[in-house]
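Take a look at the letters that make up each chain.
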Amino acid sequence: MDNRLPTEFDVVVIGTGLPESILAAACSRSGQRVLHLDSRSYYGGNWASFSFSGLLSWLKEYQQNSDIGEESTAAWQDMIHETEEGITLRKKDETIQHTEVFCYASQDMDGNIEETDDLQKNPSWVASSTLIKPLDSACLSEEMHSLYVSSNEVPAKGTPENNGEVTDIAETLVKEEYCGYKTYKHRVSDGAKDEIKPILEDNSDPPKRNRITYSQIVEEGRRFNIDLVSKLLYSQGLLIDLLIKSNVSRYAEFKNVTRILAFREGKVEQVPCSRADVFNSKELTMVEKRMLMKFLTFCLDYEQHPDEYQAFTQCSFSEYLKTKKLTPSLQHFVLHSIAMMSESSCTTIEGLKATKNFLQCLGKFGNTPFLFPLYGQGEIPQCFCRMCAVFGGIYCLRHKVQCLVVDKESGRCKAIIDHLGQRINAKYFIVEDSYLSEETCSNVQYEQISRAVLITDQSILKTDSDQQISILIVPPVEPGACAVRVTELCSSTMTCMKDTCLVHLTCSSSKTAREDLESVVKKLFTPYAETEIDKEELAKPRLLWALYFNMRDSSGVSRSSYNGLPSNVYVCTGPDCGLGNEHAVKQAETLFKEIFPSEEFCPPPPNPEDVFFDGDDKQPEPLGANTIIIAQLESSEGSKNLESSEKHLQN
Amino acid sequence: MSMEDYDFLFKIVLIGNAGVGKTCLVRRFTQGLFPPGQGATIGVDFMIKTVEINGEKVKLQIWDTAGQERFRSITQSYYRSANALILTYDITCEESFRCLPEWLREIEQYASNKVITVLVGNKIDLAERREVSQQRAEEFSEAQDMYYLETSAKESDNVEKLFLDLACRLISEARQNTLVNNVSSPLPGEGKSISYLTCCNFN
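The written sequence of each chain sets the order in which its residues are numbered from 1. All chains are assigned letters beginning with A, and all ligands numbers beginning with 1, in the order in which they are written. Totals for whole chains, interfaces and linings use all residues, but because this is a predicted model, local features are given only for residues with pLDDT of at least 70 and pairs of side-chain atoms are given and counted only at 80 or more. Side-chain measures were taken over the full set of non-hydrogen atoms in the model, leaving aside hydrogen atoms and water.

The name UniProt gives chain B is Ras-related protein Rab-30, with Homo sapiens as the organism. UniProt positions are given in the numbering used here, feature names are shortened, and annotations may be inferred rather than shown by experiment. UniProt, in its Cofactor section for chain B, records the words "Mg(2+)". Of the comments in the UniProt record for chain B, the one headed Sequence similarities reads "Belongs to the small GTPase superfamily. Rab family."

Looking up chain A in an unreviewed UniProt entry gives the name Rab proteins geranylgeranyltransferase component A, with the organism given as Tursiops truncatus. Note on chain A: under the UniProt heading Sequence similarities (unreviewed entry), the record states "Belongs to the Rab GDI family." The UniProt entry for chain A carries the following text under Subcellular location (unreviewed entry): "Cytoplasm, Cytosol".

This is how it looks when you write it as structure tokens:
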């Protein structure tokens, strides 16, 4: 088998993030010959999800990345003809900064954790459970910072020892797994603590607070699928529509977000948003229930009742809510948890529109308007890549591109030169913006996203089921600051190990991620520690592990701000800060229409069950619209049954 | 056509180096064809064949790599929710056998713990060019706790047997698990496919 890449394509796509992947699928589906490349060893770029060890390697890569200087351009210079010029692409990714890791879980490494009742008496346990920053994160973040400020300089002191540390710990622990470590159970009985822990549910079998150690997290590392961007799918949103329309939905499974939460006066509460929720709510009084229902029903067709809001179009939504006879807690719910708007900047009309959108998405698939993909957001770009491949797209990860080759006369890009020095020709080039060089981007201003990823030992709002998927908006303390979006995932989303929760925090940055988010983390969680536990602190979930980082947000950058890009080079941006995926889908569709104005964007493919081959091995015949409708029904039926057979098989 | 015209449905996923005959195995089994020198199958995601085993209709949904294995770029999502994996190598190609541990690592990382893996040495019609002895493959599959079979998609040797045996094992495993497993905690893969979910709006 020839392992060299073919050299003639219609479209070359560089980067496997969501917009690039949708575009690749759309191009391939419409019959274009597509080559889809990524310089990384994984799909998704900044849209990827990682196992725990994968995430540690990702962190390490970002550090090592900082030691690589820009290489000379000589490598490709002599491959360019006189009538051409080259546009260098960037060799190192600079979209991630200020990474800081904190480990709170016990890092007991001698493997003497056993199923025993008196772990607390073990002095080494107590000693090792104090706050540890295993990665020497202060030093790390400083380095990342200095790199950011002067990105051309190679940091003076290389820190290979530091860099290696995290993975080394991981490796040691993984090795331990094979030395009779397996016998230990997750649920360590812990009588003393159960007594003081408030038991919320009336259950004859009192829940035990689990003790999860760092070694367990490492050992169960492949159970984690940790998203770099935390997003959800609006059930009436563009991405859901596209997934269903294109049949890409068959490659993924989803779960409904089960709860919308609010944070008010230091407490986490569940927001009743459907009619059933409102009626079943124990927190709301009868009067409140009536008020809320009345208001929400109005919002669903507020356009029909202009007299209800016309006088308030100049007001902010929060002022408008005050006039609607809603109690303060209901106003809070509607503003922050349903409309998900900020207090100061949102107008009445915007608020009503957002509330209506929320309510319309409600109940399509379940009790909240959001869906989460099993195994994480990183699955979604991969699903589109699979679609592209099924229609003949060629995939190659770990493949770097040195430069774009531009024909001087026509000003059009005609080829790329890859890291092997091979020239690959195409008509159109789609490039994710992190691949563009500093020179190309010198006029570009970026926003930043602050992110935190936490592994915790229980949900921020305990209920009888520990399998909840929740979203919480924490309003800013100071006016003008950004609200923080918190998404809490349970193990049945296949993104974290049993008896843990994976928590994502997101906001647009004003400072470093830790500075932006730490105060919210402190409000909601308590660091894992054995000592000095009082009742109030214990009611909070405990933090086992935390990662902070900043991700570049290029979603607002316009194409015209790049220097000297040929017209047939199309730029895709990285993830935006928003909750949904609308930006990426819109971008992909807009670019596709620009490149192929007469082609349909991601039409449904023929159903495999309806594809017949004759003896001559012809291509499947095109199917009529009717067949495709049936096909969709059938494939959905199939997935249902696939599920049920799977239920038998697993566990 | 009835929607419920089968008793079981299983997702079977093929992996292995490019050119070992994965697509030929699927084509031979699902359509009885052997297309010599065929290129990648454009536009076909998976193939379906319904077989009857001991009076029960078993629908097999067989997924191919869509060529992503050529440059070692298979998406992780390809492995998700597979009930069985067919790991294929070419008995006339030492290299395709040497790559097996690498494939096993991918399986371990991305596939479900419960997945059944079958090792298949294909192209036994080219026995005179054999590079991988049966004994070596047997030893390897035993060490890895895999079921092992040699096939020829061209001559149709063992192809039916491969899929039918696999279907039998999947059924018996499914049965065992229903017996052992009462309805309890949420299971992996219980998420829903979005096109299936129904509508019921607020109000």
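**Q** Can you walk me through the overall build of chain A in this structure?
**A** Helix and strand definitions here come from DSSP, where helices need a minimum of 4 consecutive H or I residues and strands a minimum of 2 consecutive E residues; each element is numbered from the N-terminal end. When helices and strands are tallied, chain A shows 19 helices and 23 strands. Using a 1.4 Å probe on the protein chains alone, a residue whose accessible area is under 20% of its type maximum counts as buried, one over 50% counts as exposed, and one in between counts as partly exposed. Residues counted as buried form 61% of the 651 residues belonging to chain A. Whether two residues touch is decided by their heavy atoms; if any such pair falls within 4.5 Å, the residues are in contact. Contacts spanning at least 24 positions in sequence make up 74% of the contacts within chain A whose residues lie at least 6 apart. The accessible surface values rely on the Shrake-Rupley method and a 1.4 Å probe; as for residues, cover is taken only from the protein chains in view. Of the roughly 26300 Å² of accessible surface on chain A, a fraction of 51% belongs to carbon and sulfur atoms.

**Q** It is not clear to me how the UniProt feature "binding site: GTP" in chain B should be interpreted in this structure. Could you clarify?
**A** Residues and elements named next belong to chain B. The feature "binding site: GTP", as annotated in UniProt, sits at Val 20, Gly 21, Lys 22, Thr 23, Cys 24, Thr 41, Gly 67, Asn 122, Lys 123, Asp 125, Ala 153 and Lys 154 in this numbering. Inspection of the secondary structure puts Val 20 in the loop between strand S1 (8-16) and helix H1 (22-31). The buried category is assigned to Val 20, whose relative accessible area is 1%. Ignoring sequence-local partners within four residues, the contact set of Val 20 consists of Thr 88, Tyr 89, Asp 90, Ser 96, Asn 122 and Lys 123. The class for Lys 22 is buried, based on a relative accessible area of 3%. Any pair of nitrogen or oxygen atoms within 3.5 Å is treated as a polar contact; in protein, a donor-acceptor pairing is required on top of that, and neighbouring residues in sequence qualify only through side-chain atoms on both sides. In terms of polar contacts, Lys 22 uses its side chain to reach the backbone carbonyl oxygen of Gly 16, at 2.9 Å.

**Q** I tried to follow the packing of helix H11 (residues 286-300) of chain A against helix H13 (residues 328-338) of chain A on my own but got confused; where do I start?
**A** Each packed pair of helices is defined by two parameters, the angle between the axes and the distance between the axes. Residue and element names in this part refer to chain A. Axis lines are fitted to C-alpha atoms, over the contacting stretch for helices. Their N-to-C directions set the angle, which ranges from 0 to 180 degrees. Between H11 and H13, the shortest axis-to-axis distance is 10 Å and the interhelical angle comes to 40 degrees. Classed by the angle they form, the pair H11 and H13 counts as oblique. In terms of crossing hand, the pair formed by H11 and H13 is right-handed. Residues Glu 288, Met 291, Leu 292, Phe 295 and Leu 296 of H11 pack against Ser 329, Leu 330, Val 334 and Ile 338 of H13. The nonpolar class holds Ala, Val, Leu, Ile, Met, Phe, Trp, Tyr, Cys and Pro. Asp, Glu, Lys and Arg form the charged class, and all remaining residues, Gly among them, are polar. A per-class count over the contact of H11 with H13 returns 7 nonpolar, 1 polar and 1 charged. Angles are sorted into four bins: roughly parallel if under 35 degrees, roughly antiparallel if over 145, roughly perpendicular if 65 to 115, and oblique for all others. It is the rotation of the near helix from the far one that decides the hand of a crossing: anticlockwise by less than a right angle makes it left-handed, clockwise makes it right-handed.

**Q** What exactly am I supposed to notice about the domain arrangement of chain A here?
**A** Accessible area lost when the parts come together is the quantity often used to give the size of an interface. Annotation of chain A at the domain level lists domain 1 (8-92 + 375-445 + 556-595) and domain 2 (274-361). In this entry, domain limits derive from an automatic or database-based domain assignment. For domain 1 of chain A and domain 2 of chain A, the distance between their C-alpha centres works out to 43 Å.

**Q** Looking at this structure, I do not really get the pairing of S1(B). What am I missing?
**A** Every regular strand shows the same layout, with side chains that alternate between the two sheet faces. Residue and element names in this part refer to chain B. With 9 of 9 residues buried, S1 lies mostly within the body of the structure. Neither face of S1 is exposed, since Phe 8, Phe 10, Ile 12, Leu 14 and Gly 16 on one face and Leu 9, Lys 11, Val 13 and Ile 15 on the opposite face are all buried. A pair of strands is labelled paired if DSSP reports no fewer than 2 bridges between them. Taken together, the 6 bridges between S1 and strand S3 (residues 56-63) define a ladder with parallel strand orientation. Within S3, the position partnered with Leu 9 by the bridge is Lys 59.

**Q** What is the right way to look at the packing of helix H1 (residues 18-29) of chain A against helix H15 (residues 379-390) of chain A in this model?
**A** Residues and elements named next belong to chain A. The interhelical angle for the contact between H1 and H15, taken along N-to-C directions, is 20 degrees, at an axis separation of 8 Å. It follows from the interaxial angle that H1 and H15 lie roughly parallel. Two packed elements cross with a definite hand, and for H1 against H15 that hand is left-handed. Contacts between H1 and H15 involve Leu 18, Ser 21, Ile 22, Ala 24, Ala 25 and Ser 28 from the first element and Ile 380, Pro 381, Phe 384, Cys 385, Met 387 and Cys 388 from the second.

**Q** Sorry, what's going on with the pattern of salt bridges here?
**A** Oppositely charged side chains can pair when the atoms bearing their charge come close. We define a salt bridge as a side-chain nitrogen of Lys or Arg found within 4 Å of a carboxyl oxygen belonging to Asp or Glu. Inspection of every chain in the model, using the stated rule, returns 32 salt bridges over all chains. Of the charged contacts, one joins Lys324(A) and Glu308(A) as a salt bridge, the two residues approaching to 2.7 Å between their closest N and O atoms. On the criterion of sequence distance, the pair formed by Lys324(A) in the loop between helix H12 (317-322) and H13 and Glu308(A) in the loop between H11 and H12 is long-range, its members being 16 residues apart. On the basis of relative accessible area, Lys324(A) is assigned to the partly exposed category, the value being 21%. Close ionic contact of Asp45(B) with Arg386(A) constitutes a salt bridge, the shortest N to O distance being 3.1 Å. Within this pair, whereas Asp45(B) is found in the loop between H1 and strand S2 (46-53), its partner Arg386(A) is found in helix H15, the two belonging to separate chains. The same class applies to Asp45(B) as to Arg386(A), namely buried. Here the salt bridges share partners, and the residues they tie into one network are Glu84(A), Asp407(A), Lys414(A) and Arg423(A).

**Q** So what exactly am I meant to see when it comes to helix H18 (residues 582-595) of chain A here?
**A** Each α-helix winds once per 3.6 residues, and so residues spaced three or four apart point in a common direction. Residues and elements named next belong to chain A. Across its 14 residues, H18 extends 20 Å between first and last C-alpha, which sits within 8% of the 20 Å expected from 1.5 Å per residue. Here H18 has its buried residues at Ala 584, Val 585, Gln 587, Ala 588, Leu 591, Phe 592 and Ile 595. Across the axial projection of H18, the buried residues extend over an arc of 160 degrees, all falling on one side. Expected span, for any helix, means 1.5 Å times one less than how many residues it has. In this description, the arc belongs to the directions extending from the helix axis to the C-beta atoms.

**Q** Would you explain unusual backbone geometry in this entry?
**A** Apart from glycine, the bulk of residues carry a negative phi angle, and the bulk of peptide bonds sit in the trans form. All names here are of chain B. With a phi close to 75 degrees, Lys 123 is a non-glycine residue in the positive phi region. Mapped onto the elements, Lys 123 comes out in the loop between strand S5 (116-122) and helix H4 (134-143). You can call Lys 123 partly exposed: its relative accessible area is 22%. Positive phi values are uncommon outside glycine, yet Asp 145 reaches one of about 60 degrees.

**Q** I would appreciate a short explanation of the packing of aromatic side chains in the present structure.
**A** The geometry of an aromatic ring pair is captured by two quantities: the separation of the ring centres and the angle between the planes. Residue and element names in this part refer to chain A. Working definition: rings of Phe, Tyr and Trp (its six-membered ring) pair if their centres are within 6.5 Å, and the pair is stacked with planes under 30 degrees apart, edge-to-face with planes over 60 apart, and tilted otherwise. The final tally for this structure, using the stated rule, is 28 aromatic pairs over all chains. Between the aromatic rings of Trp 58 and Tyr 62, the centroid separation amounts to 5.0 Å while the plane-to-plane angle is 65 degrees, which identifies the pairing as edge-to-face. Highlighted residues: Trp 58 and Tyr 62, both in helix H2 (residues 52-65), separated by 4 residues, approximately one helical turn. A relative accessible area of 2% places Trp 58 in the buried class. On the accessibility criterion, Tyr 62 (5% relative accessible area) is buried. Their ring planes at 50 degrees and their centres at 6.0 Å tell us that Phe 295 and Phe 298 sit as a pair that is tilted.

**Q** Quick question: what am I supposed to make of the sheet that holds strand S7 (residues 233-234) of chain A here?
**A** Note on sheets: strands pair through backbone hydrogen bonds, and any given pair is parallel or antiparallel. Residue and element names in this part refer to chain A. Pairing within the open sheet is antiparallel, and its 3 strands lie in the order S7-S11-S8. Two strands bound the open sheet, and with one partner strand each, they are S7 and strand S8 (254-256). Pairing analysis gives 2 bridges linking S7 to strand S11 (residues 370-373), with the strands arranged antiparallel. Residue pairing in the sheet places Tyr 234 in a bridge with Phe 370 of S11.

**Q** For this particular structure, what's the right way to read the nonpolar core?
**A** Generally speaking, a soluble globular protein has its nonpolar side chains buried in company with each other. Only buried residues count toward a nonpolar core, which is a set of Ala, Val, Leu, Ile, Met, Phe, Trp, Tyr and Cys residues joined through side-chain atoms within 4.5 Å. Phe52(A), Trp58(A), Phe295(A), Phe317(A), Phe384(A), Leu505(A) and Trp545(A) are the most contacted members of the largest nonpolar core, which totals 177 residues. Each residue touching Phe52(A), except ones within four places of it in the same chain, is listed here: Tyr214(A), Ile217(A), Val218(A), Gly221(A), Phe224(A), Ile226(A), Ile455(A) and Trp545(A). In this structure, Phe8(B), Phe10(B), Val118(B) and Phe163(B) belong to the second largest nonpolar core, which totals 30 residues.

**Q** Please clarify how the environment of Gly266(A) should be interpreted in this entry.
**A** Assignment of secondary structure puts Gly266(A) in the loop between strand S9 (259-264) and strand S10 (267-270). Residue classification places Gly266(A) among the exposed residues on the basis of a relative accessible area of 57%.

**Q** What is the right way to read the pairing of strand S2 (residues 34-37) of chain A from this model?
**A** Residue and element names in this part refer to chain A. The side-chain alternation of S2 yields two buried faces, one formed by Val 34 and His 36 and the other by Leu 35 and Leu 37. Judged from the 4 bridges that link them, strand S1 (residues 11-14) and S2 form a sheet pairing that is parallel. Across the sheet, the residue bridging to Val 13 is His 36, located in S2. With strands facing away from the observer, any crossover in which the path from the first strand over the helix to the second runs clockwise is taken as right-handed. Chirality of the crossover, the property in question, places the unit of S1, H1 and S2 among those that are right-handed. As defined by bridge partners, S2 adjoins strand S12 (residues 394-396) across 3 bridges and the pair is classed as parallel. In the strand pairing of S12, His 36 is matched with Tyr 395.

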